[in-house]
Amino acid sequence: MLSPALLALLICVFALIGSLPFTFLRRTSGLDWRWFVTALPLFLAPAGFGSRRGAGLPGAAALWSYQAPWTEIAAVLLGAASIGLIGWTVGVHRRAPRLWHQDDAPEELVTGGPYRFVRHPFYTAFLFALGAALIAQPNLITVVAFVVGVVVLSLTAASEDRRLAHEFGDAHQRYLSATGRFLPMLLPRRSS
């Protein structure tokens, strides 16, 4: 069973993520199937909080023990990092980005704040949240949510990168070669 404090933190993290389309991101069109596929793991992960630890996941109880202090610490750190990164990302935007901006022409190439380190800080924050859920409550639901989240967010980010490259050309190419997609780049890529 999750500690009440960790459960409260995880609920706050996923509630914050779930509120973004209504409180920060601009909606220019309805929510289509792509939005629901992208959001699915973020809705699925909290469903795993109530599942019995390790249910349906062979060996999970041996890997993650309720008594292991590192699991709660790691989950708290990832959850707090998710909240902090969302706040930092929201704060750097002069104008809120569109909710489903893959279809819209981008208005600007944001490269300050967390964008100095990663190209998709919202998605990084979402992956931190999914990782926190997985570490805190490893079961089939949180494993599936994490794996699907990584795949879907990677595909969405790649689509956005292509769109930005088309709109911003050399400026985006320089940014791409110096900045990691979800994690900071330790060594910049060489330009071809």
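To keep things clear, this report deals only with the structure shown in the data block. Residue indices begin from 1 for each chain and proceed along its sequence in written order. For this predicted model, a pLDDT threshold of at least 70 governs which residues receive local features, and a threshold of 80 or more governs which side-chain atom pairs are given and counted, while totals over whole chains, interfaces and linings are taken from all residues. Heavy atoms throughout the structure, all of them, feed into the side-chain values; hydrogens and water do not.

Let us look at the pattern of salt bridges. When their charged atoms lie close together, side chains carrying opposite charge are able to pair. Salt bridges, as used here, are contacts in which a Lys or Arg side-chain nitrogen is within 4 Å of a carboxyl oxygen on Asp or Glu. Summed over the entire model, instances satisfying the criterion amount to three salt bridges. In this structure, the salt-bridge partner of R94 is E108, at a minimum N-O distance of 2.4 Å. Placement of R94 in the loop between α4 (69-92) and α5 (121-136) and of E108 in the loop between α4 and α5 is noted, with a sequence separation of 14 residues between them. Any residue under 20% of the maximum accessible area for its type is buried, any over 50% is exposed, and the rest in between are partly exposed; the area is computed with a 1.4 Å probe on protein chains only. Given the relative accessible area of 73%, R94 is considered exposed. D161 is the salt-bridge partner of R119, the closest N and O atoms lying 3.0 Å from each other. In this pair, R119 is assigned in the loop between α4 and α5 and D161 in helix α6 (residues 140-178), connecting sequence segments 42 residues apart. Taking relative accessible area as the criterion, D161 reaches 7% and is therefore assigned buried. Linked by salt bridges that have partners in common, R119, D161 and R181 make up one network. Here a helix means four or more residues in a row that DSSP labels H or I, a strand means two or more in a row labelled E, and each is numbered from the N terminus.

Here a pair means two rings of Phe, Tyr or Trp (six-membered ring of Trp) with centres within 6.5 Å. Their orientation is stacked below 30 degrees between planes, edge-to-face above 60, and tilted elsewhere. For the coordinates displayed, the defined rule picks out five aromatic pairs. Judged by centre distance (6.1 Å) and plane angle (45 degrees), the rings of Y123 and F126 are tilted. Residue Y123 and its partner F126 are located together in helix α5, separated by three residues, close to a single helical turn. Within the aromatic cluster, the residues linked to one another by ring pairs are F24, F122, Y123 and F126.

What follows covers the side chain of D161. By the criterion applied in these results, polar contacts are pairs of N or O atoms within 3.5 Å in which, for protein atoms, one can donate a hydrogen and the other can accept it, and in which residues neighboring in sequence qualify only through two side-chain atoms. Among the polar contacts listed, one links the side chain of D161 to the side chain of H120, at a separation of 3.0 Å. The contact criterion used throughout is that any non-hydrogen atoms of two residues lie within 4.5 Å. Beyond its immediate chain neighbours, meaning those up to four positions away, D161 contacts R119, H120, H172, L176 and R181.

Buried Ala, Val, Leu, Ile, Met, Phe, Trp, Tyr and Cys residues that are joined via side-chain atoms within 4.5 Å together make up what is termed a nonpolar core. Formed by 36 residues in total, the largest nonpolar core has its most connected members in F14, F122 and F126. Mapped onto this core, the elements with two or more residues apiece are α1 (4-23), α2 (33-47), α4, α5 and α6. By residue number, the principal contributor to this core is α5, which donates eleven residues. What F122 contacts, discounting residues up to four positions off in sequence, is L20, F24, L25, I86, T89, V90, H93 and Y115.

Moving on, we come to α2. Helix span, as expected, comes to 1.5 Å for every residue beyond the first. Helix length check: α2, at 15 residues, gives a terminal C-alpha distance of 21 Å against a target of 21 Å (1.5 Å per residue), a fit within 8%. Most pronounced at A39, the bend in α2 amounts to some 40 degrees, and the proline P41 follows within four residues. Burial in α2 covers these residues: W35, T38, A39, P41, L42 and A45. In this structure, the buried side of α2 is in contact with α1, α5 and α6. Here the bend at a residue is taken as the angle between two axes, fitted respectively to the seven residues that end there and the seven that start there.

Note that F24 resides in the loop between α1 and α2. F24 sits in the buried class, given a relative accessible area of 15%. Other than its neighbours up to four places away in sequence, F24 contacts V90, H93, A96, P97 and F122.

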